[in-house]
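# Coordinate analysis (summary)
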Amino acid sequence: MDKFVIRGGNPLSGVIRVSGAKNSALPCMAAALLTEDEVTLENIPKVRDIETERRLLQSMGAEVALREGEAQDQTTISCRRLSDPVARYEIVKTMRASSLVLGPLIARMGVARVAMPGGCAIGGRPIDLHIKALEKMGAAIAQEHGYLEARVGTGTGNGAGRLHGAHLVFDRITVTGTEDLLMAAVLAEGETLMENCAREPEVVDLAALLTAMGAKIEGAGTATMRVEGVTSLHGARYRINPDRIEAGTFLIAGAITGGDLTVADCNPAHLGAVIAKLREAGVQVDALGEDAVRVHAAGRLVAADISTEEYPGFPTDMQAQYMALATQAEGVSLVRENIFENRFMHVQELVRMGANIKVEGSMATVRGPTRLSAAAVMCSDLRASASLVLGALVAEGESIIDRVYHMDRGYEHFEEKLLGVGAQIQRMGNVFAPREAETVAG
Ligand code: EPZ
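One structure accompanies this document, and this report is about it. (Residues numbered from 1 in each chain as written. Predicted model: local features only at pLDDT ≥ 70, side-chain atom pairs only at ≥ 80, totals over all residues. Heavy atoms only, no water.)

Attention shifts here to the pairing of strand β21 (residues 363-368). The buried fraction of β21 amounts to 5 of the 6 residues, a majority that puts the element mostly inside the structure. Where strand β19 (residues 331-336) and β21 come together, 6 bridges link them in antiparallel fashion. Paired with L334 across the strands is T365, a residue of β21. Across 5 bridges, the pairing between strand β20 (residues 356-360) and β21 is antiparallel. Residue pairing for β21: N356 is matched across the bridge by R367. Count of turn residues in the β20/β21 antiparallel hairpin: 2 residues, of which G361 carries a positive phi of about 65°. (Buried < 20%, exposed > 50% of the residue type's maximum accessible area, 1.4 Å probe, protein only. Helix = DSSP H or I, 4+ residues; strand = E, 2+ residues; numbered from the N terminus. Pairing = 2+ DSSP bridges.)

It is worth spelling out helix α10 (residues 319-326) at this point. Across the 8 residues of α10, 8 count as buried, placing the element largely inside the fold. Buried within α10 we find Q319, A320, Q321, Y322, M323, A324, L325 and A326.

Here we take up the site of the ligand. Close to the ligand lie 25 residues, the nearest being D128, T174, T176, D317 and I339. K22 is positioned with one of its side-chain polar atoms (N or O) 3.1 Å from an oxygen atom of the ligand. Separating an oxygen atom of the ligand from a side-chain N or O atom of T176 is a distance of 2.6 Å. Isolated, the ligand exposes 830 Å² of accessible area, and the fraction of that covered by the protein chains is 93%. For the shell around the ligand, the secondary-structure elements that each account for two or more residues are α1 (22-31), α5 (128-136), α6 (175-185) and α12 (382-394). In this structure, the shell around the ligand is formed jointly by two domains, domain 1 (3-19 + 242-428) and domain 2 (22-239), each of which donates at least three residues. (Near = heavy atom within 4 Å. Polar contact = N/O pair within 3.5 Å; in protein donor to acceptor, adjacent residues only side chain to side chain. Areas by Shrake-Rupley, 256 points an atom, 1.4 Å probe, with all protein chains shown as cover. Domains from an automatic or database assignment.)

Moving on, we get to the pattern of salt bridges. Applying the stated rule across the entire model yields 25 salt bridges. The partner of K3 in a salt bridge is D402, with the nearest N and O atoms 3.8 Å apart. Here D402 lies in strand β23 (residues 398-402) and K3 lies in strand β1 (residues 3-7), a separation of 399 residues in the sequence. Judged by its relative accessible area of 22%, K3 falls in the partly exposed class. (Salt bridge = Lys/Arg side-chain N within 4 Å of Asp/Glu carboxyl O.)

We now examine the packing of aromatic side chains. Aromatic ring pairs are defined here through the distance separating the ring centres and the angle between the ring planes. Under the defined criterion, the tally for this structure stands at 4 aromatic pairs. Here the aromatic rings of F4 and F414 are separated by 6.3 Å at their centres, their planes lie at 25°, and the arrangement is stacked. Of the two residues, F4 sits in strand β1 while F414 sits in helix α14 (residues 414-419), which places them 410 residues apart along the sequence. Each member of the pair, F4 together with F414, is buried. An aromatic cluster of three or more residues is present, and its members are F4, F250, Y411 and F414. (Phe/Tyr/Trp six-rings, centres within 6.5 Å; stacked < 30°, edge-to-face > 60°.)

Shown next, in the form of structure tokens:
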């Protein structure tokens, strides 16, 4: 298993560029299932989860090609012939976001067989809200042998029925639940009103692609969406948004190392809560136009509390990274995790570096500043891994971070980007590593 070797103490400076958003790319790739035509996506990051989604679509009969160009890589997906509308467990267990094919498969084919994703390091990750809403739109969904067997009846039992519009109110805000049902609604018969929707920029990205494909959607980015179903969708070309979580991770890398870092190719408008919190913690943050943010630590960092919320609140995907910064801030920072039940896996590893953090239920209390010292630590999930890297960038000495395959799921060219702004980081492959343990993704 690959490791990172990081020697801390270098302030990061210069320009670091952000890739396309993994969590936009995953639903947008799934949206190609909704049409026989070719869908071309730009700014898709080359990360492990995208590779998994490519394998998943191909396993169903789709053609997925990556065309590398000078200016722009393009991913083209053609789902003209879907020979096998099955999302197999061997693939789903490595990336739970595979549940995003459920809605589009039922909408396009009238049938779907999708492995239940199961939980992951950060929580149980149920998809009961997806199922409940799809059933309200006319799908019959049974759970057998670890699979969801979904069918829309036509009376003839051949499964080629069509979903009908419904009034959906999500019991709690779910990002992929909103995306899954949006993809189901665009081909349903009649109108679907969706309330208590997720407002994440990734939902807006998906809605923009679907609209380019001929869907009729109002209210994307708000809590209420209204969809007028159409009988078919056509192909489209679409460029997905930059990854706001990668951007936020780099902002904290600049702040924690006391550097002067410009994060480019990002969208500052998607980073409101993160930028506000960094400023509260004493970090100098300046938006540079519409696609860059500059961060430089003006002076000492001061403690500031966070409470993770759905967008536009402080993102749960930035909680672990912020906690690393809080170890360097003067005072007591309270970190409350409201979205997932087990998202403090990074705490014990940061404590091994010398952090002073106490966890009680969904609250972590961080006392700082503490001098971090390099240690051998282990990644547990995608964002916890980023937190350990941030700690190692400021720790005295050389840290070894193991199981970086977690990072490879969602950060493109991560070590190269950090090297380019002055970090001392190196990837060490371990040729004798056992086959990488497959892990369920976030
Ligand atoms: C998406 O996961 C993201 N993944 C996650 O990013 C992100 O942390 C999460 O949204 C929250 O922002 C992708 O977009 C691929 P949810 P998702 O459904 O959609 C509960 C990363 O690091 N819930 O919004 O799976 C659920 O257990 C990953 O990139 C139900 O109870 O999250 C959680 O407590 C990690 N029943 C809460 O809702 C359901 O049917 C929010 O989950 C669905 C969700």
